[in-house]
Amino acid sequence: QQEYMQALVEDLTPEDMVEQPVPGVIMNHPAWLMSHLIVYFPVMTTMLEGGVPEDPIDHEHGRNSAPMPDANDYLPRDKLVERYMSLHEATARTFRSATPEILSMQTPIPRYIEKLPTIGHVTLHLMFKHEATHLGQLSAWRRAGGRPMVTP
């Protein structure tokens with residue numbers, strides 16, 4: 001997924017990162033999507049290390065946030081890519097070394113407990129479903145703006 005994310009944004013200008021390609025429709029643009037995904041890597045890493053992360057729901061780029069039209073509200077594309085890649089890799093390393101005991105522990109984020117009862121459930125959801133959903137949104141955003149298709 002790291003290589004796919006890079007390919008999805010490598011041809012974008014700073015202006016493109018916050019573009020809304022469909023008049024009257026607010027889409028999750030690349031700057032928000034990358035900023036949003038970056039929020040969840042430390043959450044996973046903290047849980048996988050046995051810690052208790054803050055619930056990211058109200059983070060400035062968390063679930064309750066919305067894409068902002070000003071590029072200055074986000075890191076520049078290259079910094080977003082750099083941070084995404086380093087945090088993604090750190091989370092993957094931590095996941096690879098997680099013990100079955102850690103993965104089977106109850107999730108420390110109360111609102112996740114019903115649907116994602118263990119740290120393993122949360123991690124798999126965020127690493128695969130959540131990230132893939134947002135990469136799909138980024139692909140759709142590209143196509144809505146007339147950009148060429150990128151394949152993973």
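Above: the structure in question.
First, a word on what this report is: a plain description of the structure on this page. (Residues numbered from 1 in each chain as written. Predicted model: local features only at pLDDT ≥ 70, side-chain atom pairs only at ≥ 80, totals over all residues. Heavy atoms only, no water.)

1. Thoughts on the packing of helix α1 (residues 2-9) against helix α3 (residues 77-97)
We apply this condition: In this analysis an axis means a line fitted to C-alpha atoms, helices contributing only their contacting stretch, and an angle means the value between N-to-C directions, from 0 to 180 degrees. Put simply, DSSP H or I for four residues or longer makes a helix, DSSP E for two residues or longer makes a strand, and each gets a number counted from the N terminus. Any angle that is under 35 degrees is reported as roughly parallel, and any over 145 degrees as roughly antiparallel; angles of 65 to 115 degrees are reported as roughly perpendicular and all others as oblique. The criterion used for residue contact is that any of the two residues' heavy atoms lie within 4.5 Å. Three categories are distinguished: nonpolar for Ala, Val, Leu, Ile, Met, Phe, Trp, Tyr, Cys and Pro, charged for Asp, Glu, Lys and Arg, and polar for the others, with Gly belonging to the last.
Where α1 contacts α3, the two axes come as close as 10 Å, and the packing angle between them is 175°. Judged on the interaxial angle alone, α3 and α1 are roughly antiparallel. Residues Q2, M5, Q6 and V9 of α1 lie in contact with α3, whose contacting residues are R77, V81, Y84, M85, H88 and E89. The residue inventory of the contact of α1 with α3, partitioned by class, reads five nonpolar, three polar and two charged.

2. Concerning helix α2 (residues 30-48)
The periodicity of an α-helix, 3.6 residues per turn, causes residues three or four positions apart to be oriented the same way. Cut-off, in case you're wondering: To estimate how far a helix should extend, the number of its residues minus one is multiplied by 1.5 Å. Accessibility here uses a 1.4 Å probe with only protein chains present; expressed as a share of the type maximum, an area under 20% marks a residue as buried, one over 50% as exposed, and anything in between as partly exposed.
Between its first and last C-alpha, α2 extends 27 Å over 19 residues, near the 27 Å set by a 1.5 Å rise per residue. By the criterion of burial, α2 is predominantly enclosed, with 17 of the 19 residues buried. One or two steps after α2, the chain reaches G50, where phi turns positive at roughly 85°.

3. A word on the layout of surface pockets
To keep it simple, the criterion reads: Cavity: a set of points on a 1 Å grid over the protein atoms alone where a 1.4 Å probe fits but cannot get out. Pocket: an open set with protein on both sides within 12 Å along at least five of seven lines, its lining residues, like those of a cavity, having an atom within 4 Å of a point. Grid points are joined across faces, edges and corners, and a volume is the space filled by probe spheres set on the points.
Here the largest pocket defines a volume of roughly 330 Å³. Around the largest pocket sit 14 residues that line it, and R63, Y112, L116, H125 and H130 are the ones nearest its centre. Broken down by secondary-structure element, the contributors of at least two residues to the lining of the largest pocket are α2 and α5 (119-144). When residues in the lining of the largest pocket are grouped by element, the largest group, seven residues, is from α5. Its residues assigned to classes, the lining of the largest pocket comprises four nonpolar, six polar and four charged. Counted as a void, the second largest pocket has a volume near 270 Å³. S35, I38, V39, H59 and H61 are, among the 18 residues lining the second largest pocket, the residues nearest its centre. When contributions to the lining of the second largest pocket are tallied by element, the ones reaching two or more residues are α2 and α3. Of the residues in the lining of the second largest pocket, the class split is nine nonpolar, four polar and five charged.

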